[in-house]
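# Descriptive structure summary
Listed below, chain by chain, are the residues.
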Amino acid sequence: SAFEQAQKDVNTLSRKPENADLLDLYKYFKQATAGDVSGDRPGMMNCGRFKYDAWAAIKGMSKADAEAAYVAKVQSLLKADGK
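Just so it is clear, the model here is predicted, and its values are computed rather than measured. Residue numbers run consecutively from 1 along every chain, following the written order of its sequence. Selection of residues for local features in this predicted model requires a pLDDT of at least 70, selection of side-chain atom pairs for listing and counting requires 80 or more, and totals for whole chains, interfaces and linings are taken over all residues. Values reported for side chains reflect all heavy atoms of the structure, with hydrogen atoms and water molecules removed beforehand.

## Remarks on the packing of helix 2 (residues 19–34) against helix 3 (residues 48–56)
Where helix 2 meets helix 3, the axes come as close as 9 Å, and the angle between the chain directions of the two elements is 60°. With respect to each other, helix 2 and helix 3 are oriented oblique. Seen along the crossing, helix 2 lies across helix 3 with a hand that is right-handed. Taking contact as the criterion, the partners of Leu 23, Tyr 26, Lys 27, Lys 30, Gln 31 and Ala 34 in helix 2 are, on helix 3, Phe 50, Lys 51, Ala 54 and Trp 55. As a working rule, the residues Ala, Val, Leu, Ile, Met, Phe, Trp, Tyr, Cys and Pro are called nonpolar, Asp, Glu, Lys and Arg charged, and the rest polar, with Gly in that last group. Across the contact of helix 2 with helix 3, the residue classes break down as 6 nonpolar, 1 polar and 3 charged. Angular values range over 0 to 180 degrees, each being the angle between N-to-C directions of two axes fitted as lines to C-alpha atoms, with helices fitted over their stretch in contact. Strands are runs of DSSP state E lasting at least 2 residues, helices are runs of H or I lasting at least 4, and numbering of each runs from the N terminus. Small angles under 35 degrees read as roughly parallel and large ones over 145 as roughly antiparallel, with 65 to 115 read as roughly perpendicular and the rest as oblique. By the definition used in this description, the sense in which the near helix is turned from the far one sets the handedness, with an anticlockwise turn below a right angle giving left-handed and a clockwise turn giving right-handed. Residues are treated as being in contact if the distance between any of their heavy atoms lies within 4.5 Å.

Structural data, given as structure tokens:
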């Protein structure tokens with residue numbers, strides 16, 4: 001599928017994406033594979049809080065929409081990388 005291919009393609013980038021892009025990739029991947037965020041929000045000093053908040057922001061997004069958003073994000077990163 002396009003989602004599985006995008007998971008492979010993201011590893012071909014010549015440089016690490018910006019933190020905001022990494023959070024986008026994370027939230028769409030988690031929403032597509034695990035559904036809505038669950039558990040307690042990490043504390044203020046926990047770096048995982050950024051990931052939790054990003055994922056929580058798209059609560060209710062369908063699996064198909066999350067997969068499509070992930071694929072689109074990977075494609076935009078590949079294009080910016082000249083691929």
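## Observations regarding the packing of aromatic side chains
Classification of ring pairs uses Phe, Tyr and Trp, with its six-membered ring standing for Trp, and accepts pairs whose centres are within 6.5 Å; under 30 degrees between planes counts as stacked, over 60 as edge-to-face, and the remaining range as tilted. For the coordinates displayed, the defined rule picks out 4 aromatic pairs. Ring plane angle 20° and centroid distance 6.0 Å describe the contact between Phe 3 and Phe 29, whose orientation is recorded as stacked. Remark: Phe 29 occurs in helix 2 and Phe 3 occurs in helix 1 (residues 2–9); sequence separation between them is 26 residues. Each residue gets one of three labels from its accessible area relative to the maximum for its type: buried under 20%, exposed over 50%, partly exposed in between, using a 1.4 Å probe on protein chains only. Judged by relative accessible area, Phe 3 falls into the buried class, the value being 8%. Take Phe 29: its relative accessible area is 29%, and that puts it in the partly exposed class. Between Phe 3 and Tyr 70 the ring centres are 5.2 Å apart and the planes differ by 65°, which places this aromatic pair in the edge-to-face class. Of this pair, Phe 3 sits in helix 1 while Tyr 70 sits in helix 4 (residues 63–80), and the two are 67 residues apart along the sequence. Summarising the burial analysis for this pair, Phe 3 and Tyr 70 share the class buried. Through a chain of ring-to-ring contacts, three or more aromatic side chains come together here, namely Phe 3, Phe 29 and Tyr 70. Its end group placed over the ring of Tyr 26, Lys 51 keeps NZ or CZ at 4.9 Å from the ring centre. Distance and angle both matter: a charge sits over a ring if NZ of Lys or CZ of Arg is within 6 Å of the ring centre and within 35 degrees of the ring normal.

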